[in-house]
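Per-entry structural report
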Amino acid sequence: MARRHQAMSVRLKNFINGQWVDPEGGRYREDVDPANGAVLAEVPASTAADAGRAIAAAAEAFSAWRQVPGPKRGELLFEAGRLLQARKSALAEKMTREMGKVLLETAGDVQEGIDMAFYMAGEGRRSFGYTTPSELPDKFAMAMRDPIGVAGIITPWNFPMAIPTWKIFPALVAGNTVVFKPATEAPYLAYELVSILQEAGFPPGVVNLVFGSGTEVGEVLLTDPRVALISFTGSNQTGRHVAAVAGAGLKRVSLELGGKNAIIVLDDADLDLAVEGILWSAYGTTGQRCTACSRLIVQEGVYDRLRDRLVERIGQLRLGHGLAPGTDVGPLINRAAVEKVQQYVAWGREEGARLEIGGGMPTDPELGTGHFYLPTLFSEVGSNMRIAQEEIFGPVLSMIRVKTLSEAVAVNNQVAYGLSSSLFTANVNAAFRAIRDLATGIVYINAGTTGAEIHLPFGGTRGTGNGHREAGTAALDFFAEWKAVYVDYSGRLQRAQIDT
Ligand code: NAD
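Residues numbered from 1 in each chain as written. Predicted model: local features only at pLDDT ≥ 70, side-chain atom pairs only at ≥ 80, totals over all residues. Heavy atoms only, no water.

1. What about a nonpolar patch on the surface?
A cluster of nonpolar residues, Phe140, Val487 and Tyr489, forms a patch on the protein surface that exposes about 300 Å² of accessible area. Turning to its location among the elements, Val487 is positioned in strand E22 (residues 481–488). (Patch = residues over 30% accessible without salt bridge, like charges linked within 9 Å, V, L, I, M, F, W, Y side chains within 5 Å. Areas by Shrake-Rupley, 256 points an atom, 1.4 Å probe, with all protein chains shown as cover. Salt bridge = Lys/Arg side-chain N within 4 Å of Asp/Glu carboxyl O. Helix = DSSP H or I, 4+ residues; strand = E, 2+ residues; numbered from the N terminus.)

2. Focus: the site of the ligand
The environment of the ligand is formed by 27 residues, the closest being Thr155, Ser235, Thr238, Leu257 and Glu391. Measuring from an oxygen atom of the ligand, one finds a backbone N or O atom of Thr155 at 2.7 Å. Taking Thr238, its side chain carries an N or O atom lying 2.8 Å from an oxygen atom of the ligand. Relative to its unbound accessible area of 850 Å², the ligand is 87% covered by the protein chains. Elements with a contribution of two residues or more to the shell around the ligand: helix H7 (214–223), strand E11 (227–233) and helix H8 (236–248). Top contributing element to the shell around the ligand by residue count: H7, with 4 residues. The class makeup of the residues in the shell around the ligand is 13 nonpolar, 10 polar and 4 charged. Counting the residues that make up the shell around the ligand, at least three belong to each of domain 1 (14–257) and domain 2 (261–445). (Near = heavy atom within 4 Å. Polar contact = N/O pair within 3.5 Å; in protein donor to acceptor, adjacent residues only side chain to side chain. Nonpolar A, V, L, I, M, F, W, Y, C, P; charged D, E, K, R; others polar. Domains from an automatic or database assignment.)

3. Some points on the pattern of salt bridges
This model, assessed by the stated rule, comprises 28 salt bridges. Ionic pairing is found between Glu75 and Lys72, a salt bridge with its closest N-O pair at 3.7 Å. A residue pair is termed a helical-turn pair when its members lie 3 or 4 positions apart in one helix, as Glu75 and Lys72 do in helix H2 (residues 70–86) at 3 residues. Residue Glu75 is classed as partly exposed on the basis of its relative accessible area of 42%. Look at Lys72 and you get partly exposed, because its relative accessible area is 46%. Across the pair Asp146 and Lys483 runs a salt bridge whose closest N-O atoms are separated by 2.7 Å. Here Lys483 lies in strand E22 and Asp146 lies in strand E7 (residues 139–146), a separation of 337 residues in the sequence. (Buried < 20%, exposed > 50% of the residue type's maximum accessible area, 1.4 Å probe, protein only.)

4. Considering the environment of Gly239
Structurally, Gly239 is set in helix H8. Note: C-alpha distance between Gly239 and Leu255 (16 residues apart in sequence) is 6.3 Å.

5. Brief notes about the packing of aromatic side chains
For any two aromatic rings, the description comes down to two numbers: the centre-to-centre distance and the angle of the planes. Summed over all chains, the structure comprises 10 aromatic pairs. Considering the side-chain rings of Tyr130 and Trp482, the 5.8 Å spacing of their centres and the 55 degrees angle between planes classify their relative orientation as tilted. Residue Tyr130 is found in strand E6 (residues 130–133), and its partner Trp482 is found in strand E22; the two are separated by 352 residues along the sequence. The residue whose ring lies beneath Arg73 is Trp65, and the NZ or CZ to ring-centre distance is 6.0 Å. The lysine or arginine in question, Arg386, covers the ring of Trp347, its NZ or CZ lying 3.7 Å from the ring centre. (Phe/Tyr/Trp six-rings, centres within 6.5 Å; stacked < 30°, edge-to-face > 60°. Lys NZ or Arg CZ within 6 Å of the ring centre and 35° of its normal.)

6. A closer look at the domain arrangement of the protein chain
According to the domain assignment, the protein chain consists of domain 1 (14–257) and domain 2 (261–445). Counting residues at the interface gives 21 residues for domain 1 and 23 residues for domain 2. Approximately 1800 Å² of surface area, both sides summed, lies buried where domain 1 meets domain 2, with 65% of it carried by carbon and sulfur atoms. Among the residues of domain 1 in contact with domain 2, Pro34, Glu105 and Trp157 are the three that bury the most area, contributing 28% of the side total. Along the contact surface separating domain 1 from domain 2 lie 1 salt bridge. A salt bridge links Arg289 to Glu105; the nearest nitrogen and oxygen atoms lie 3.2 Å apart. (Contact = heavy atoms within 4.5 Å. Buried area = accessible area lost by both parts, 1.4 Å probe.)

7. A word on the sheet that holds strand E1 (residues 10–11)
Ordered in space as E1-E5-E4, the 3 strands form an open sheet in which the pairing is mixed. Sheet topology places E1 and strand E4 (28–32) at the edges, where each strand pairs with a single neighbour. (Pairing = 2+ DSSP bridges.)

8. Here we look at the pairing of E11
The buried fraction of E11 is high, at 6 of 7 residues. Bridge analysis of strand E8 (residues 150–154) against E11 gives 5 bridges, and the strand direction is parallel. Across the sheet, Ile154 pairs through a bridge with Phe232, a residue of E11. In terms of handedness, the path from E11 via H8 over to strand E12 (residues 252–256) forms a crossover that is right-handed. (Right-handed = clockwise from strand over helix to strand, strands pointing away.)

The structure is reproduced here in structure tokens:
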């Protein structure tokens, strides 16, 4: 693809205490379009000193922000939602340039941010606690939510608008202040989001943005005692490090990590529907979603037919720049991602899986300057093979053959991750048995593995995280501290649990 989409080469700044500022060390790195190598922006390569200033600003702002009434905090988020809505198509276009997924999907990514803004704006009036009878007479008991403090927000590049908003909006509406460190591969959308929050009227210091690497900036968030909680989304490997380092300081830590998600197709499934769901889940965002389908567990009666249908349809998927009309599949994020996918394809072949289609880089010279990889399908995959066990994060799907629903569920559950799973069937009994037994945080019936809605809890079991959930009201459980309050109006000392 030629460099015709190149547009916006600018120098970004950090946002600290309400000001756009240069990084203290004066170092920058390039933000590059993965489809054609065009340079989009120069981005601060900040240091610990920049991170420290942002944390100081957030800590200072917390004492006033925590006292702003929840409904007022919600009103600011509502305004942010309105601004996101007005700029949706421009933001989607920038996102496609920055991280490669097709325009339809980047618009959906922005829409998640809009939905989250309006949903969390409402939570400003709804952060319910509860009252409950005291065990003693003339005594009032209630539980209420309190803000916690400075929230360190660390995000990946694959949902550059949705994921930051899933973290920052509940953090803010609950009364916390924020230091946001976005992924190095998707800084431009972070800049746009924080600009909108500034414009919406959040006071100085309440939201701070520091660009930079995980090791230089992220690490400071993990260790600085002024940061009370860490909300992290990224790989399992980084997540373990985050949990260990931040946990040592007794920070509250939420981890949303990788996935190895499966679609199960039973013999009685609507195959047309299943094919659509599989293609969208496995090759949408070029397989780079935490909820992407990378395993297809198929009952033997329909296996061959489904494989042949998929091979035909995969061959028709069009690769290209995500802004070009008609593109189905964009590039991978960088060269390292292409090499990783290539390595897994080699392991799949070595372990005896059958490569049905794909399995290499496209030969089209138009795509030569981008990080493209052909949509790939393996059949006859053993459930213990590496391609069936490890997160590849690319357009590679592995077909596993099973005899029964019970076997399918067992195969689904025998990986280290537990984010999303899906079942295609016309049998309601099978559907409910699967809902009961699939050990994932999200289950879809007659839909693919992707497509979470923002008012339901989002997250996974086992290696996908540490038990917290994002989105829905569950998000507020992470970003608020419960406080139990007892008011004794008896006029005498009453002692709970003490025999009189
Ligand atoms: P990554 O782990 O490489 O990076 C994530 C973030 O952590 C980045 O901002 C990075 O700079 C930062 N980081 C790296 N080292 C750090 C350190 N030592 N201290 C603090 N921060 C550090 O992940 P990625 O490649 O950006 O994203 C892809 C991964 O994210 C995949 O595994 C994918 O499944 C996962 N993901 C999960 C979800 C979910 O909700 N479960 C959603 C999207 C992506």
